[in-house]
Amino acid sequence: MTTLKEIRNTIADTIAAFAGGAKYKTYAKKTNNIQDKNLPAVVVTTGVGLFMNGAEEISLEVRVVIHDNKTDIEDVLDVHSNDIYELFPIGSTLGGLVEYMKPESFDYVLDDQSDAGVKVLIFNVKYEV
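In what follows, the accompanying structure is described. (Residues numbered from 1 in each chain as written. Predicted model: local features only at pLDDT ≥ 70, side-chain atom pairs only at ≥ 80, totals over all residues. Heavy atoms only, no water.)

A word on the packing of helix 1 (residues 4-19) against helix 2 (residues 73-87)
No. 1: Packing of helix 1 against helix 2 leaves a shortest axis separation of 11 Å and a crossing angle of 115 degrees. The crossing of helix 1 and helix 2 is right-handed. Taken together, the residues of helix 2 that come into contact with helix 1 (itself represented by Thr14, Ile15 and Phe18) are Asp83, Ile84 and Leu87.
No. 2: Across the contact of helix 1 with helix 2, the residue classes tally to 4 nonpolar, 1 polar and 1 charged. (Axes fitted to C-alpha atoms, helices over the stretch in contact; angles between N-to-C directions. Helix = DSSP H or I, 4+ residues; strand = E, 2+ residues; numbered from the N terminus. Left-handed = near helix turned anticlockwise from the far one by under 90°. Contact = heavy atoms within 4.5 Å. Nonpolar A, V, L, I, M, F, W, Y, C, P; charged D, E, K, R; others polar.)

Structural data, given as structure tokens:
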């Protein structure tokens, strides 16, 4: 039986392995007040889950939140998100852990005065309970 923690950890571990510990600081659960010295950072959290087909399957929202504080922040966040999208192409099964994972939407939260920003990538993950 797959758990939310397994899904979060697998996604975070995949990003951390890609980053090699140098490109992103990666967290597998909600983290507040990430310090500048830990940027860029990626935080993986789970959101809304829907039971489907008599509660045999779950459609889960997974958020991959990218934090950075470079100049031209929107462009920098786009580069980071492209790296992450390549790690989890449409139909990814996370090594057989889930039925599929696909990008669903994204959004920016930008602070123009401090050049800090966040890009939230939302994936839909379907798996069996």
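So much for the structure itself; the text now carries on.
Here's the deal with the environment of leucine 121
No. 1: If you trace the backbone, leucine 121 turns up in strand 5 (residues 116-128).
No. 2: A residue is classified by how much of its surface remains accessible, and leucine 121, at 0% relative accessible area, is buried.
No. 3: Along the chain, leucine 121 and serine 105 lie 16 residues apart, while their C-alpha atoms are 6.2 Å from each other.
No. 4: Discounting residues that sit within four places of it in the chain, leucine 121 has contacts with Val62, Arg63, Val64, Ile66, Ser81, Ile84, Tyr85, Ser105 and Phe106. (Buried < 20%, exposed > 50% of the residue type's maximum accessible area, 1.4 Å probe, protein only.)

Details of the pattern of salt bridges
No. 1: With the rule as written, the count across this model stands at 5 salt bridges.
No. 2: Residue arginine 63 is joined to glutamate 61 by a salt bridge in which the shortest nitrogen-to-oxygen separation is 2.6 Å.
No. 3: Of the charged contacts, one joins lysine 70 and aspartate 68 as a salt bridge, the two residues approaching to 3.3 Å between their closest N and O atoms.
No. 4: For aspartate 68, a relative accessible area of 2% puts it in the buried group.
No. 5: One network of salt bridges, with partners in common, ties together Glu57, Glu99 and Lys126. (Salt bridge = Lys/Arg side-chain N within 4 Å of Asp/Glu carboxyl O.)

Thoughts on a negative patch on the surface
No. 1: On the surface, Asp72, Glu74, Asp75, Asp111 and Asp112 cluster together into a negatively charged patch.
No. 2: By secondary structure assignment, the location of aspartate 75 is in helix 2.
No. 3: Since its relative accessible area comes to 52%, aspartate 75 is described here as exposed. (Patch = residues over 30% accessible without salt bridge, like charges linked within 9 Å, V, L, I, M, F, W, Y side chains within 5 Å. Areas by Shrake-Rupley, 256 points an atom, 1.4 Å probe, with all protein chains shown as cover. Lys, Arg positive; Asp, Glu negative; His and termini not counted. Charge placed at Lys NZ, Arg CZ, Asp CG, Glu CD.)

Quick look at a nonpolar patch on the surface
No. 1: Together, Val48, Leu50 and Met52 make up a nonpolar patch on the protein surface, roughly 260 Å² of accessible area in all.
No. 2: Summarising the element assignment, methionine 52 is placed in strand 2 (residues 41-52).
No. 3: For methionine 52, a relative accessible area of 31% translates into the label partly exposed.

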